Amino acid sequence: MVKEIGFDWNPWSLHKPNHVFVKFAISILLMGLAYRLFSPHSIGFSSVAETTPFVDKTGAPEASIPVESPVSVKVPEIEDQIPQKEKCDIFAGDWVPHPSGPIYTNESCHVMEPHQNCMSNGRPDSGYLYWRWNPRDCELPPFNAERFLELMRHKSWGFIGDSISRNHVQSLLCILSQVEQAVEVYHDEEYRSKRWHFPSYNFTLSVIWSPFLIKSAIFEDINGVSSSETQLHFDKLDKKWTDQYQSFDYMVISGGKWFLKTAIYYENNTIMGCHYCPGKNLTELGVDYAYRKALQLVFNFVMKSSHKISIFLRTATPDHFENGEWFSGGTCKRTVPFKKGEIEMKDVDKVLRNVELEEFEKVASMGSEKGVNLKLLDTTRLSLFRPDGHPGPYRQFHPFAEDENAKVQNDCLHWCLPGPIDSWNDLVMEMVVNG
Ligand SMILES: *[C@@H]1O[C@H](CO)[C@@H](O)[C@H](O)[C@H]1NC(C)=O
Ligand SMILES: *[C@@H]1O[C@H](CO)[C@@H](O)[C@H](O)[C@H]1NC(C)=O
Ligand SMILES: *[C@@H]1O[C@H](CO)[C@@H](O)[C@H](O)[C@H]1NC(C)=O
Ligand SMILES: *[C@@H]1O[C@H](CO)[C@@H](O)[C@H](O)[C@H]1NC(C)=O
């Protein structure tokens, strides 16, 4: 039985005592930085600012909130910073039609979480299934499950991150299960961390829920409603994954949207500052500060360890909420990929990806000396072009069965299975074979 996972997909918690502020702060984050979103080249998202209610619970406009944004993020020029590669850049390319479609379906894969099982949940269109990622300068072979399992005999993989990592792992499981069914050998109480074993290949696949990668105290219930601010400790990693580090031959790490949440920042048990904490008289340190520190701590750990391992840093995943955010009626109704020039990355995603690129570049060249094979799984840009790949309202089972106008919360962040996220695994396979 697959357990329902509640709302841990929400990237931002509703902080009960002041969730209007959270809404406001997110709007400011999107608005204040988003002059680009109003440019003629971007589409759709400018309405975020118009439709987000800046009203408190009494309905009065929040005129008293100071205008200056507490967020200290600069908007970097991403395009200048793409690492130069001698080999073909498999992350530069296009989505091209793929008439033969996905290699698994809702009928042939039995490990999908219901929230991502768009087919079974009644998503009416299927065009989004018939595209594949095609690098500009080379061929990207489709994932070869038999070859992958053969290569991974007696090996172990760990995916460390948030629910997007779980989404990614389920795609991999669905692909591999066309060759052999995985046996689930572990799950935690909330079904957020899991481990599977492929008996004929002695291949072990783990997903470890660690959205911040570092030590954190999260006070959120199953519906994503928090009773207190998250506490992040920038001097300690999350033992959930470091305790298992020695057992992994490959690790896929990722961070991202959870760093946008309200949090108090600690170092050596001393409060250093915070993110979105009005009335607390603490220094706003910013998302980029936190994410950078966390990645530095991770890389410091792996570079110091004597364990030889391959590590893929998977870059931030863009969401595609339009006409609102997840909390204000945002939807994602598109049924075909964007073409070049039709979409620009949101500033929050630029900030996150920029931190990833910068921190990765600092350590990538050190890796080989230390026996660490460090690679960037740079899925951000290619994912940006797939607004059609999200469950939207079909995170629920037949959401409009009883009322075709039912108000349903949309998921425009995670990916349908099968769906565009399967291409992430084609890229992983390529990096394993040719990396
Ligand atoms: C799979 O999806 C199709 C619609 O795309 C549906 O008719 C079928 O019942 C689903 N199968 C399962 C096992 O949910
Ligand atoms: C299975 O793989 C693990 C490493 O992941 C290894 O320690 C163990 O000895 C292997 N078991 C067999 C039966 O080969
Ligand atoms: C925390 O402790 C470490 C090790 O003792 C030290 O290097 C670091 O500077 C301390 N950080 C702060 C902010 O005091
Ligand atoms: C805020 O903190 C600073 C330095 O920690 C202190 O000097 C100031 O009095 C505090 N203000 C309030 C209103 O508590």
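Since this is a predicted model, take the numbers as computed values, not measurements. Residue positions are given per chain, counting from 1 as you read along its sequence in written order. A letter from A marks each chain and a number from 1 marks each ligand, given out in the order of writing. Residues qualify for local features only when their pLDDT is at least 70, as the model is predicted, and side-chain atom pairs are given and counted only at 80 or more; totals for whole chains, interfaces and linings, by contrast, use all residues. Only hydrogens and water are removed before side-chain values are computed, so all heavy atoms of the structure are retained for them.

A. Structural context of the overall build of the protein. For the protein, the helix and strand inventory stands at nine helices and 15 strands. To be clear on the numbers: accessible area is Shrake-Rupley with a 1.4 Å probe, and residue cover counts the displayed protein chains and nothing else. Accessible surface computed for the protein: about 18,300 Å², of which carbon and sulfur atoms make up 52%. Starting at the N terminus, helices and strands are each numbered in turn, a helix being any DSSP run of H or I of at least four residues and a strand any DSSP run of E of at least two.

B. Representation of the sheet that holds strand β12 (residues 263-267) in the model. Here, strands pair whenever DSSP counts at least two bridges between them. Pairing is mixed across the open sheet formed by four strands, whose spatial order is β8-β10-β12-β13. Looking at which strands have only one partner, the edges of the open sheet turn out to be β8 (214-217) and β13 (270-275). Averaged over neighbouring strand pairs, the angle between their axes works out to 25° when direction is ignored. Of the strand pairs in this sheet, strand β10 (residues 230-237) and β12 are connected by four bridges, and their pairing is parallel. Each bridged residue has a counterpart across the sheet, and for T230 the counterpart in β12 is A263. In this fold helix α6 (residues 287-304) packs onto β8, β10, β12 and β13, with an angle of close to 35° to the strand it touches most, β10. Fitted lines through C-alpha atoms give the axes, limited to the stretch in contact for helices. The angle between two N-to-C directions lies from 0 to 180 degrees. Note on definitions: a residue-residue contact is assigned when non-hydrogen atoms from the two residues lie within 4.5 Å.

C. Geometry of helix α4 (residues 163-176). How far a helix is expected to stretch is found by multiplying one less than its residue total by 1.5 Å. Look at α4: 20 Å from first C-alpha to last across 14 residues, which is about the 20 Å you get at 1.5 Å a residue. Here the term buried applies to any residue with accessible area under 20% of the maximum for its type, exposed to any over 50%, and partly exposed to those in between, with areas from a 1.4 Å probe on protein chains only. Extensive coverage of α4 is indicated by the burial of 14 of its 14 residues. Where α4 begins, one side-chain oxygen reaches toward the backbone nitrogen of I164, 2.9 Å away; that side chain belongs to D162. Polar contacts, as used here, are pairs of N or O atoms within 3.5 Å; protein pairs need one atom able to donate a hydrogen and one able to accept it. Residues neighboring in sequence count only if both atoms are side-chain atoms.

D. Broad picture of the environment of R192. Counting through the fold element by element, R192 comes out in the loop between β5 (183-187) and β6 (194-198). Taking the C-alpha atoms as reference points, R192 and I208, 16 residues apart in sequence, are found 7.2 Å from one another.

E. The sheet that holds strand β15 (residues 372-377), seen in detail. The seven strands are arranged β5-β6-β7-β4-β11-β14-β15 in an open sheet whose pairing can be described as mixed. Across the chains shown, the open sheet's two edge strands, defined by having one partner strand only, are β5 and β15. Between one strand and the next, the sheet's axes are offset by a mean angle of 15°, whatever the strand orientation.

F. Structural detail: the environment of E358. Mapped onto the secondary structure, E358 falls in helix α7 (residues 347-370). Assessed through its relative accessible area of 24%, E358 is described here as partly exposed. For the pair E358 and R292, spaced 66 residues apart in sequence, the C-alpha separation works out to 8.8 Å. Within the local environment of E358, its side chain forms a polar contact with the side chain of R292, the two groups lying 2.9 Å apart.

G. How the structure looks around unusual backbone geometry. The peptide bond linking L417 to P418 adopts the cis configuration, its omega dihedral lying at -10°. Considering the arrangement of structural elements, one finds P418 in the loop between α8 (380-384) and α9 (421-434). Phi angles above zero are rare outside glycine, and N323 is one such case at about 55°. Checked against the element boundaries, N323 lands in the loop between β14 (309-314) and α7. What makes N323 partly exposed here is its relative accessible area of 43%.

H. Up close: a nonpolar patch on the surface. Taken together, the side chains of V183, V185 and Y186 present a nonpolar region at the surface, about 250 Å² in accessible area. Among the secondary structure elements, V183 is positioned in strand β5. Residue classification places V183 among the partly exposed positions, given a relative accessible area of 41%. For patch building, the residue pool is restricted to those with more than 30% relative accessible area and no salt bridge; the joining distance is 9 Å between like charges and 5 Å between nonpolar side chains (Val, Leu, Ile, Met, Phe, Trp, Tyr). We define a salt bridge as a side-chain nitrogen of Lys or Arg found within 4 Å of a carboxyl oxygen belonging to Asp or Glu.

I. Structural view of the site of ligand 1. Here a residue counts as near a molecule or strand whenever at least one of its heavy atoms sits within 4 Å of it. In the region of ligand 1, the neighbouring residues are N106, E107, M119 and S120. With respect to ligand 1, the side chain of N106 contributes an N or O atom lying 2.3 Å from an oxygen atom. In this structure, an oxygen atom belonging to ligand 1 sits 2.7 Å away from a side-chain N or O atom of S120. Isolated, ligand 1 exposes 360 Å² of accessible area, and the fraction of that covered by the protein chains is 41%. Amino acid classes used here: Ala, Val, Leu, Ile, Met, Phe, Trp, Tyr, Cys and Pro are nonpolar; Asp, Glu, Lys and Arg are charged; the rest, including Gly, are polar. Split by residue class, the shell around ligand 1 holds one nonpolar, two polar and one charged.

J. A look at the pattern of salt bridges. A full pass over the atoms with the stated rule returns 20 salt bridges. Taking the shortest distance from any N to any O, the salt bridge between D125 and R123 comes out at 2.7 Å. Notably, a salt bridge pairs K280 with E229, separated by 2.8 Å at the nearest N-O pair. Placement of K280 in the loop between β13 and α6 and of E229 in the loop between β9 (225-226) and β10 is noted, with a sequence separation of 51 residues between them. Salt bridges linked by common partners bring K257, D319, E325, K346 and D349 together as one network.

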